[in-house]
Amino acid sequence: MTLEVTQRLIGKVAVVLLIVFAVYSNVRLIIRNNTLSERLDQAKTELAAQEEKNAKLKLLIAYYESPSYQNAEARRRLGLKLPNETVLQVKGVDYTKGEEALEDTIYKEADPVPVMPPSNFSRWRDYFFR
């Protein structure tokens with residue numbers, strides 16, 4: 001009798017240990033997947049920001065290489081004009097400061113809009129139903 005009871009007890013303990021181990025392993029995997037998902041989302045947002053910045057810079061380079069920009073800059077920095085053109089100075093603007101008075105204000109980097117993280121409920125829903 002005691003041998004049967006001992007074997008049943010060992011069997012029940014083994015089943016309980018197996019269930020605890022399975023739950024522990026699944027919880028560890030869920031936590032690991034969650035951290036990896038967060039890192040992936042962060043990397044995707046950084047990549048998108050870099051791609052957007054690269055696209056802006058390509059457009060800016062194309063603009064700087066255009067004849068219209070070069071013409072405007074030659075007029076502004078070097079004071080060049082066409083032979084039949086008359087240049088007028090605006091009263092109230094100090095032209096004696098030279099380069100410091102006129103700045104390039106074409107391109108300014110805007111602050112990125114913060115991304116709202118999804119709620120825990122929606123993350124669990126996505127985890128189970130995707």
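Residues numbered from 1 in each chain as written. Predicted model: local features only at pLDDT ≥ 70, side-chain atom pairs only at ≥ 80, totals over all residues. Heavy atoms only, no water.

Caption draft 1: Quick look at the layout of surface pockets. Reported here for the largest pocket is a volume of approximately 700 Å³. Looking at the largest pocket, it is lined by 18 residues, and the ones nearest its centre are Asn34, Ser37, Glu38, Asp41 and Arg123. Among the elements of the structure, helix 1 (2-64) and helix 3 (120-129) are those that each provide at least two residues to the lining of the largest pocket. Broken down by element, the residue count for the lining of the largest pocket peaks at eight residues, all from helix 1. For the lining of the largest pocket, the per-class residue count stands at seven nonpolar, six polar and five charged. (1 Å grid on protein atoms, 1.4 Å probe; cavity = no way out; pocket = protein on both sides within 12 Å on 5 of 7 lines; lining within 4 Å. Points joined across faces, edges and corners; volume = space filled by probe spheres on them. Helix = DSSP H or I, 4+ residues; strand = E, 2+ residues; numbered from the N terminus. Nonpolar A, V, L, I, M, F, W, Y, C, P; charged D, E, K, R; others polar.)

Caption draft 2: Inspection of the pattern of salt bridges at higher detail. As enumerated under the stated definition, the model contains three salt bridges in all. For Glu38, the salt bridge is made with Arg123, and the minimal N-O distance between the two is 2.9 Å. Taken together, the positions of Glu38 in helix 1 and Arg123 in helix 3 put the pair 85 residues apart, joining distant regions of the chain. For Arg123, a relative accessible area of 26% translates into the label partly exposed. Ionic pairing is found between Lys56 and Glu52, a salt bridge with its closest N-O pair at 3.8 Å. In this pair, Lys56 and Glu52 are both assigned in helix 1, four residues apart and thus about one turn of the helix distant. Assessed through its relative accessible area of 47%, Glu52 is described here as partly exposed. (Salt bridge = Lys/Arg side-chain N within 4 Å of Asp/Glu carboxyl O. Buried < 20%, exposed > 50% of the residue type's maximum accessible area, 1.4 Å probe, protein only.)

Caption draft 3: View of the packing of helix 1 against helix 3. Packing of helix 1 against helix 3 brings their axes to within 13 Å, and their N-to-C directions diverge by 110°. On the basis of the axis angle, helix 1 is roughly perpendicular to helix 3. Contact residues: Ile30, Asn33, Asn34 and Glu38 in helix 1; Arg123, Trp124 and Tyr127 in helix 3. Each residue belonging to the contact of helix 1 with helix 3 can be placed in one class, and the counts come to three nonpolar, two polar and two charged. (Axes fitted to C-alpha atoms, helices over the stretch in contact; angles between N-to-C directions. Parallel < 35°, antiparallel > 145°, perpendicular 65-115°, else oblique. Contact = heavy atoms within 4.5 Å.)

Caption draft 4: Representation of the packing of aromatic side chains within the structure. Tallying each qualifying case throughout the model produces six aromatic pairs. Residues Tyr63 and Tyr64 carry aromatic rings whose centres are separated by 6.1 Å and whose planes lie at 45° to one another, so their mutual orientation is tilted. Judged by its relative accessible area of 35%, Tyr63 falls in the partly exposed class. Measuring from centroid to centroid gives 4.7 Å for Tyr64 and Tyr69, while their planes differ by 45°, and the two rings are tilted. Judged by its relative accessible area of 10%, Tyr69 falls in the buried class. A connected cluster of aromatic rings, assembled from ring pairs, spans Tyr63, Tyr64 and Tyr69. (Phe/Tyr/Trp six-rings, centres within 6.5 Å; stacked < 30°, edge-to-face > 60°.)

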